[in-house]
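Spelled out, the chains give:
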Amino acid sequence: NNVFYELQDGWSYGYYDKNGNWNSSDWYERAAIVTYDHSLDPYSVNNRETYQGDIVILDKVSNGGVDYPVVAVGEYAFMRNRSLTSVQLPSSVVYIGYNAFQECSMLTAVTMPGVVSFDNNQNIFYGTKITSLVLPKTLKSISSSMFKSLGDLTSITVDEANDSYKSVDGVL
């Protein structure tokens, strides 16, 4: 697995529920997030071919004999990667950060069974070729602007057990 992971101490996230109330998440003493090669400028168009094809994100990473859960896709993690076609996230990933998949021009699918919240930003999937999204039962918070510039998106399916969102005939 050639994915970059970063350990962070004291990691947590939050989200606004459908009534506009702020909710805090679980607190992790130490957890891993998916990140990018920090030796590269995240905005550089020419240096973003780190990931290629279909990738699977691990549900935990080990450091010093200790396993840490992978809980998030961090900001800029895959941004402007033109060789990435699909990403499969484990159910341990509960948060997707700012610009995580922005301008991944060959990306057609992201599997995200445990996501609870997305960064409240319109650029998460901006410029991808995603045609359909399946939103999990765990999802509590999204912004309508998250779907901005998803010209290939034809359907959104929400897990029937989701108590925050519903889809009807492929429409959120």
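Residues numbered from 1 in each chain as written. Predicted model: local features only at pLDDT ≥ 70, side-chain atom pairs only at ≥ 80, totals over all residues. Heavy atoms only, no water.

Draft legend 1. Region of the structure containing the nonpolar core. In this structure, Phe-78, Leu-89, Ile-96, Phe-101, Met-112, Phe-118 and Phe-125 are the most contacted members of the largest nonpolar core, which totals 38 residues. Listing elements by their share of this core, those giving two or more residues are β4 (28–35), β7 (66–73), β8 (84–88), β12 (132–135) and β13 (155–158). Residue contacts for Leu-89: discarding those within four places in its chain leaves Ile-57, Val-73, Ile-96, Val-110, Thr-111, Met-112, Pro-113 and Val-115. Residues Trp-11, Tyr-13, Ala-31 and Val-71 belong to the second largest nonpolar core, which totals 11 residues. (Core = buried A, V, L, I, M, F, W, Y, C linked by side-chain atoms within 4.5 Å. Buried < 20%, exposed > 50% of the residue type's maximum accessible area, 1.4 Å probe, protein only. Helix = DSSP H or I, 4+ residues; strand = E, 2+ residues; numbered from the N terminus. Contact = heavy atoms within 4.5 Å.)

Draft legend 2. Focus on the packing of aromatic side chains. What the rule picks out here adds up to seven aromatic pairs. Residues Trp-11 and Tyr-28 carry aromatic rings whose centres are separated by 5.8 Å and whose planes lie at 55° to one another, so their mutual orientation is tilted. Of this pair, Trp-11 sits in strand β1 (residues 4–11) while Tyr-28 sits in strand β4, and the two are 17 residues apart along the sequence. Judged on exposure class, the residue Trp-11 and its partner Tyr-28 are both buried. Taking 6.1 Å as the distance between ring centres and 70° as the angle between the ring planes, the aromatic pair formed by Phe-118 and Phe-125 counts as edge-to-face. Grouping residues by exposure puts Phe-118 and Phe-125 together as buried. Just above the ring of Tyr-68 sits the side chain of Arg-30; from NZ or CZ to the centre is 5.5 Å. (Phe/Tyr/Trp six-rings, centres within 6.5 Å; stacked < 30°, edge-to-face > 60°. Lys NZ or Arg CZ within 6 Å of the ring centre and 35° of its normal.)

Draft legend 3. Quick peek at the pairing of β8. Strand direction decides the pairing type here: strand β5 (residues 53–56) and β8, joined by four bridges, are parallel. Note on β8: the bridge partner recorded for Val-56 is Gln-88. In terms of strand pairing, β8 meets strand β10 (residues 109–111) through three bridges, oriented parallel. Bridge pairing links Val-87 to Val-110 in β10. (Pairing = 2+ DSSP bridges.)

Draft legend 4. Local environment of the pattern of salt bridges. Taken as a whole and judged by the stated rule, the model has four salt bridges. For Glu-103, the salt bridge is made with Arg-80, and the minimal N-O distance between the two is 3.0 Å. Of the two residues, Glu-103 sits in the loop between β9 (95–96) and β10 while Arg-80 sits in the loop between β7 and β8, which places them 23 residues apart along the sequence. One salt bridge in this structure joins Lys-140 and Asp-163, with 2.8 Å as the shortest N-O distance. Here Lys-140, found in the loop between β12 and β13, pairs with Asp-163, found in the segment after β13; they are 23 residues apart in sequence, far enough to count as distant. (Salt bridge = Lys/Arg side-chain N within 4 Å of Asp/Glu carboxyl O.)

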